[in-house]
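One-letter residues, chain by chain:
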Amino acid sequence: MRWSVSKAKQFQRCQRQWYFKEILGHHRAPAGSMRREVYLLGLLKSISQWRGDVVDNVLTKAFINWHRYRERLDPERIIVAARRQFDEQLAIARAHHLHEPGLTPSKRPNFLALRCMEYDKAIPQEELDTAWHEIEHAIRNLFAIRPVAEAMRGASVLVAQRSLQFKYSGMNVVAKPDLVIFLREGPPVIIDWKVHAFGVQEAWMQLGIYAFALSSAKPHIDFPNDRSWEPTDIRLLEVQLLTKDLRQYQLSPPDLARLENHITATAHEMLSATGSTKPSYEHLAPDDFTVTRYPTTCAQCPYKRVCWEEEA
């Protein structure tokens, strides 16, 4: 079983939603089966999730091209790429291919299925306009924040959206920082960007897990050889791309202990609910998992159709 910050949050927010996503749904399930239906519903995104994905995707490609080819990081060029992806995915979302026989999203470039098309049969134009405005705004803001720009200038290696994995508390811990900057001098910098209009919740724990993972996971082949730093040495930058707010963190030894306790506690909750590190859908049922106490979580859940059918 895999543990990540987002999976732990999902489990604590709604165990049943986590069960649908992590255990029941499967891409190879037979057509017409409950497992296949749950898998398909799990592909649905909100417009705000899609907006964040577009920003992640174009920035990741830009940083990869910098890393491989030293291609200049030009915000206007990145925005052009974002607009291309936005328009192509919007056309796909409007066609709503989700229930086509034999659908394999990985073989469909720029595949997108929106929750509003599944449940409301329409995409609100006002939300689309807002989403594009925020994508453009977010990309420009990232390169205008001085500490981010300074860290990039001192970079020897930029690593974007690279998975880091290690074993802890019986779980495969997975972390995927938005950007890791390995500096020519000194310990690395981890940047996590957020595309929220109201970024009031601090993300220090998420960033702290990234630092823990960077120091604990097996390094990728292109990582620098110098690893003479600890998680407490790594600079952590949380960037709110819509407000240009910047929060800087650096872990202390007590912070690191809190992170380890958080992984242990939430991993124990998951194991207690499933009974195994390799849970089988055949031995579990939706009723084994509690549902959210928050109406907005329920209303915005991609699985609400099958969940409500179970309740009925």
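Just above, that's the structure.
(A) Layout of helix H9 (residues 204-216). With 13 residues, H9 extends 18 Å between its outermost C-alpha atoms, agreeing within 8% with the 18 Å of an ideal straight helix rising 1.5 Å per residue. Most of H9 is tucked away, with 10 of its 13 residues classed as buried. Residues of H9 that are buried: Trp204, Gln206, Leu207, Gly208, Ile209, Tyr210, Ala211, Phe212, Ala213 and Leu214.

(B) Molecular detail of the pairing of strand E7 (residues 179-183). Across the 5 residues that make up E7, a large majority, 4, are buried. Here strand E4 (residues 155-160) pairs with E7 via 5 bridges, running antiparallel. Each residue of the ladder has a partner; that of alanine 160, found in E7, is leucine 179. Direction of pairing for E7 relative to strand E8 (residues 189-194): antiparallel, over a ladder of 3 bridges. From the neighbouring strand, isoleucine 181 faces E8, where its bridge partner is valine 189. Counting the residues between successive antiparallel strands, the hairpin from E7 to E8 contains 5 residues, one of them, glycine 186, with a positive phi of roughly 95°.

(C) The arrangement of the sheet that holds strand E1 (residues 2-3) in detail. Strand order in the open sheet formed by 3 strands is E1-E6-E5, and the pairing between neighbours is mixed. What marks the edges here is a single partner per strand, and that holds for E1 and strand E5 (164-168). The sheet contact formed by E5 and strand E6 (residues 171-175) spans 5 bridges and is antiparallel. Across the sheet, the residue bridging to tyrosine 168 is methionine 171, located in E6.

About the cut-offs
- Residues numbered from 1 in each chain as written.
- Predicted model: local features only at pLDDT ≥ 70, side-chain atom pairs only at ≥ 80, totals over all residues.
- Heavy atoms only, no water.
- Helix = DSSP H or I, 4+ residues; strand = E, 2+ residues; numbered from the N terminus.
- Expected span 1.5 Å × (residues − 1).
- Buried < 20%, exposed > 50% of the residue type's maximum accessible area, 1.4 Å probe, protein only.
- Pairing = 2+ DSSP bridges.

In short, geometric facts, not functional conclusions.
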